[in-house]
Amino acid sequence: MGTPEPPRPRRNRTTVAVVAASAAVVVACAAVGYLALRDNGDAEAGPQPTPTPSASASDGSTDRGTGGGGSAPLVPGWNTVVNAKRGITFDVPASWKRQSADWVSYVTENDDPKEKPLVAMMAPAVLEEKWCTSDDDKDGTPEESSLASVGTTGEQGAKSAAEAAEDTAETWVYGLYTQPDRSRLTVGEPESFRTESGIEGSLVTVTSSGTPKKGKCDSDGKAVTFAFKNAEGRFVSWTYVGAHGVPDEVSDATIRRILGTVRLYKDGDGAD
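Residues numbered from 1 in each chain as written. Predicted model: local features only at pLDDT ≥ 70, side-chain atom pairs only at ≥ 80, totals over all residues. Heavy atoms only, no water.

Asker: Looking at this structure, how should I read the state of the cysteines?
Answerer: Here is the idea: a disulfide is a covalent bond, and it sits between the sulfur atoms of two cysteines. For the structure shown, the criterion picks out one disulfide. A sulfur-sulfur separation of 2.0 Å characterises the disulfide bridge that pairs Cys132 with Cys217. Handedness here is read from the sign of the S-S torsion; for Cys132 and Cys217, about -85°, the answer is left-handed. Pair noted here: Cys132 is in strand E9 (residues 132-134) and Cys217 is in the loop between strand E14 (200-208) and strand E15 (220-229), with a separation of 85 residues, a long-range link. (Disulfide = S-S within 2.5 Å. Helix = DSSP H or I, 4+ residues; strand = E, 2+ residues; numbered from the N terminus.)

Quick look at the structure:
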């Protein structure tokens, strides 16, 4: 089924929801398969996806990740991202590319033929989609790695915000950067965090160190997850995940500034 997996891919498995998929994204994700959304996460395997590098929309002409609305950005010059299904909105700098509202990024175990998602995020915004390009498996098809992504996730089944934040952050770093080795993960203690809009929740930072570099684009990783309850009283989370220990690494100040804009979204909010 498809070409063999490279030894240690460092890429999101990216596809779109089966509902309301935009034509541009469908073309970009050719042969990947579809995901169906579910309440306890943001992705569930439907038809088995073919192993593939991250796909991206073909152009930036569509208003991406807005879900049809969203409050004006809290930071002048930034753009608003909306996950209407989870009731969350936040802002990102203009240099981050917003994907469509139905776009789902996820990671799997490298050796899982069914590519069951370990963790996923909806309507992400991506920084430098082609940050690194390589053909480590020498199959003639270059694979692209992004520098960083931010997005939101449902956390049904979590018993606390701290539990949700730790599990999600740890899974992103493991899935994208260290698997099958969990020994290189450093999991920070949960800390309380309050966004500018007054949302209170739990924040956990996970990093990896000393991960063997087996390919050109391999690096250590970092994830910052903020878990909280949405307007329906359900646990949800916002996550930053990106390369760690590289010259272009996104600063903690930028991550915290983006996180500070997280707020609840309701249908009918003004367009951004």
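Next, the rest of the story.
Asker: How should the sheet that holds strand E4 (residues 79-83) be read in this particular structure?
Answerer: Note on sheets: strands pair through backbone hydrogen bonds, and any given pair is parallel or antiparallel. Reading across the sheet, the three strands line up as E4-E5-E17 and stay open at both edges, with antiparallel pairing between neighbours. Every interior strand has two partners, whereas the edge strands, E4 and strand E17 (263-264), have only one. Note that E4 and strand E5 (residues 88-92) share five bridges and pair antiparallel. Note that in E5 the partner of Asn83 across the bridge is Ile88. (Pairing = 2+ DSSP bridges.)

Asker: Help me understand the packing of aromatic side chains, please; the structure alone is not making it clear to me.
Answerer: Aromatic ring pairs are defined here through the distance separating the ring centres and the angle between the ring planes. In total, this model carries three aromatic pairs according to the counting rule given. When the centroid spacing of 6.3 Å and the interplanar angle of 85° are considered together, the rings of Phe90 and Trp238 count as edge-to-face. Residue Phe90 is located in strand E5, and its partner Trp238 is located in strand E16 (residues 235-244); the two are separated by 148 residues in the primary sequence. Neither Phe90 nor Trp238 differs from the other in exposure class; each is buried. (Phe/Tyr/Trp six-rings, centres within 6.5 Å; stacked < 30°, edge-to-face > 60°. Buried < 20%, exposed > 50% of the residue type's maximum accessible area, 1.4 Å probe, protein only.)

Asker: Just to check I follow, could you spell out the pattern of salt bridges for this structure?
Answerer: Where charged atoms from two side chains of opposite charge come close, those side chains can pair. Scanning the model with the defined rule gives nine salt bridges in all. Between Arg184 and Asp181 there is a salt bridge; the shortest N-O distance is 3.2 Å. What makes Arg184 partly exposed here is its relative accessible area of 29%. Taking the relative accessible area as the measure of exposure, Asp181 reaches 25% and is therefore partly exposed. Notably, a salt bridge pairs Arg256 with Glu191, separated by 3.2 Å at the nearest N-O pair. (Salt bridge = Lys/Arg side-chain N within 4 Å of Asp/Glu carboxyl O.)

Asker: Which parts of the structure should I look at to understand the pairing of E16?
Answerer: Regular strands have side chains that alternate between both faces of the sheet. With nine of 10 residues buried, E16 lies mostly within the body of the structure. In this sheet, E16 lies alongside strand E11 (residues 148-154) in antiparallel orientation, the contact comprising seven bridges. Within the sheet, the bridge partner assigned to Thr152 lies in E16 and is Trp238. The sheet contact formed by E15 and E16 spans 10 bridges and is antiparallel. Following the sheet pairing, Phe228 is matched in E16 by Val236. Counted between consecutive antiparallel strands, the loop separating E15 from E16 contains five residues, among which Gly233 sits at a positive phi close to 80°.

Asker: Even after reading the chapter, I still don't get the nonpolar core, so can you show me in this structure?
Answerer: Soluble globular proteins tend to bury their nonpolar side chains together. Trp96, Trp238 and Tyr240 are the most contacted members of the largest nonpolar core, which has 48 residues in total. Elements supplying a minimum of two residues to this core: E5, strand E8 (119-127), E11, helix H2 (161-178), E14, E15, E16 and helix H3 (252-260). When residues of this core are assigned to their parent elements, the largest contribution, nine residues, is made by H2. Trp238 has contacts with Phe90, Val150, Gly151, Thr152, Val224, Thr225, Phe226, Phe228, Ile255, Ile258, Leu259 and Val262, leaving out every residue within four places of it along the chain. (Core = buried A, V, L, I, M, F, W, Y, C linked by side-chain atoms within 4.5 Å. Contact = heavy atoms within 4.5 Å.)

Worth remembering: the numbers are spatial, not functional.
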